[in-house]
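Understanding the architecture of this molecule
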Amino acid sequence: MTRPSRRGVCFIISAPSGAGKSTIANALRASEPSLKHSVSVTTRQPRPGEVEGVHYHFRDLETFRSMAEKGELLEWAEVFGRGYGTPRQPVEEALAAGHDMVFDIDWQGHRLMRAAMPDDVVSLFVLPPSLEELERRLHRRASDHPEEIEKRMRAALDEISHWSEFDHVIVNNELDSAIGQARSVLQSARQVTRRQTGIAEMVKTFSR
Ligand SMILES: Nc1nc2c(ncn2[C@@H]2O[C@H](COP(=O)(O)OP(=O)(O)O)[C@@H](O)[C@H]2O)c(=O)[nH]1
Ligand SMILES: Nc1ncnc2c1ncn2[C@@H]1O[C@H](COP(=O)(O)OP(=O)(O)O)[C@@H](O)[C@H]1O
């Protein structure tokens, strides 16, 4: 196997539900097929159109707990009364192979990942232009029952209160511009010195 020239980046995107993080993450992956997506495990029910193993691994609470106990989850948290967690193995394999990975996880997951892998994480918080627009987007998406939308709106301010813990923050007003900003963040993260193992090797050859 050829040695990767650098370790992959964990690109964490968080936002209140409905701000557009999945849309932005999907657009990045569409333009960069090599970008991996961390498929989380969740105890919530699939939405219409969601596919097992693609959008989430849908598991019952007992299986979720057992995965957490066995250390199979890199981080996990309760969000909107459900369990959500990041499977450990795909992340470790992707980073070691030099692939970047995008994570759509909440502020608790971001904190835990940052603590566990401080050199690997680059994070982006996505704000909606306003709370009114956030609610309009949740209704327009039409993927959740009205009670679920209310739950997400009630949690929005709490999620937003963590914005300053992130490396970068953008406002998703005009979608193409938000995607462009997210892409720039990812590209600059790739240039961070400590990931450039190829450069370290090149510099070693500069001996007289
Ligand atoms: N900590 C953590 N949060 C996650 C994970 N997967 C998803 N989430 C978060 O759980 C929340 C709910 O996700 P979801 O049910 O898909 O609803 P949506 O955000 O409205 O699309 C969002 O804030 C996600 O970022 C995970 O593996 N770990
Ligand atoms: N900049 C934007 N302007 C208008 N609608 C948007 C924008 N970004 C995303 N949306 C729409 O808002 C809804 C919520 O976006 P989504 O990506 O599912 O949010 P999240 O993953 O943060 O919960 C979707 O219907 C999406 O098409």
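Residues numbered from 1 in each chain as written. Chains lettered and ligands numbered in written order. Predicted model: local features only at pLDDT ≥ 70, side-chain atom pairs only at ≥ 80, totals over all residues. Heavy atoms only, no water.

Per an unreviewed UniProt entry, the protein chain is named Guanylate kinase, and its organism is Neokomagataea anthophila. Checking UniProt for the protein chain, the heading Sequence similarities (unreviewed entry) contains the comment "Belongs to the guanylate kinase family." (UniProt positions renumbered as here; feature names shortened; annotations may be inferred.)

A side chain of one charge can pair with a side chain of the opposite charge when the charged atoms of the two come close. In total, this model carries 19 salt bridges according to the counting rule given. Three or more residues are tied together by salt bridges with common partners; here these are Arg44, Arg47, Glu50, Arg141, Asp144, Glu148, Lys151 and Arg152. (Salt bridge = Lys/Arg side-chain N within 4 Å of Asp/Glu carboxyl O.)

Read from one edge of the open sheet, 4 strands run β4-β3-β6-β5, paired in mixed fashion. A single partner strand is all that each edge strand has here, and the edge strands are β4 (57–58) and β5 (73–79). Judged from the 2 bridges that link them, strand β3 (residues 41–42) and strand β6 (residues 82–87) form a sheet pairing that is antiparallel. Each residue of the ladder has a partner; that of valine 41, found in β6, is glycine 85. Sheet strands touched by helix α3 (residues 88–96): β5 and β6. Its angle to β6, the strand with the most contacts, is close to 30°. (Pairing = 2+ DSSP bridges. Helix = DSSP H or I, 4+ residues; strand = E, 2+ residues; numbered from the N terminus. Contact = heavy atoms within 4.5 Å. Axes fitted to C-alpha atoms, helices over the stretch in contact; angles between N-to-C directions.)

Looking now at the environment of leucine 131. Relative to the assigned elements, leucine 131 resides in helix α5 (residues 131–141). Taking the C-alpha atoms as reference, leucine 131 lies 21 Å from alanine 25; in sequence the two are 106 residues apart. The contacts of leucine 131, once residues within four sequence positions are left out, are Met153, Ala156, Leu157 and Ile160.

Closest axis-to-axis distance for the helix α1 (residues 21–31)/helix α7 (residues 175–190) pair is 10 Å, and the angle between their directions is 65°. Along this stretch, α1 crosses α7, giving a crossing that reads as right-handed. Together, Thr23, Ile24, Ala27, Leu28 and Ser31 of α1 and Leu175, Ala178, Ile179, Ala182 and Arg183 of α7 make up the contact between the two elements. Split by residue class, the contact of α1 with α7 holds 7 nonpolar, 2 polar and 1 charged. (Left-handed = near helix turned anticlockwise from the far one by under 90°. Nonpolar A, V, L, I, M, F, W, Y, C, P; charged D, E, K, R; others polar.)

So, on to the UniProt feature "domain: Guanylate kinase-like" (unreviewed entry) in the protein chain. UniProt records the feature "domain: Guanylate kinase-like" (unreviewed entry) for residues 8–187 in the present numbering. Helix makes up 43% of residues 8–187 and strand makes up 22%, while its end C-alpha atoms are separated by 12 Å.

Another point: the pairing of β5. Extensive coverage of β5 is indicated by the burial of 5 of its 7 residues. Relative to β6, β5 runs antiparallel, the two being bridged by 6 bridges. Along β6, the bridge assignment pairs valine 79 with arginine 82. Hairpin connection from β5 to β6: 2 residues lie between these consecutive antiparallel strands, with phenylalanine 80 at a positive phi of about 50°. (Buried < 20%, exposed > 50% of the residue type's maximum accessible area, 1.4 Å probe, protein only.)

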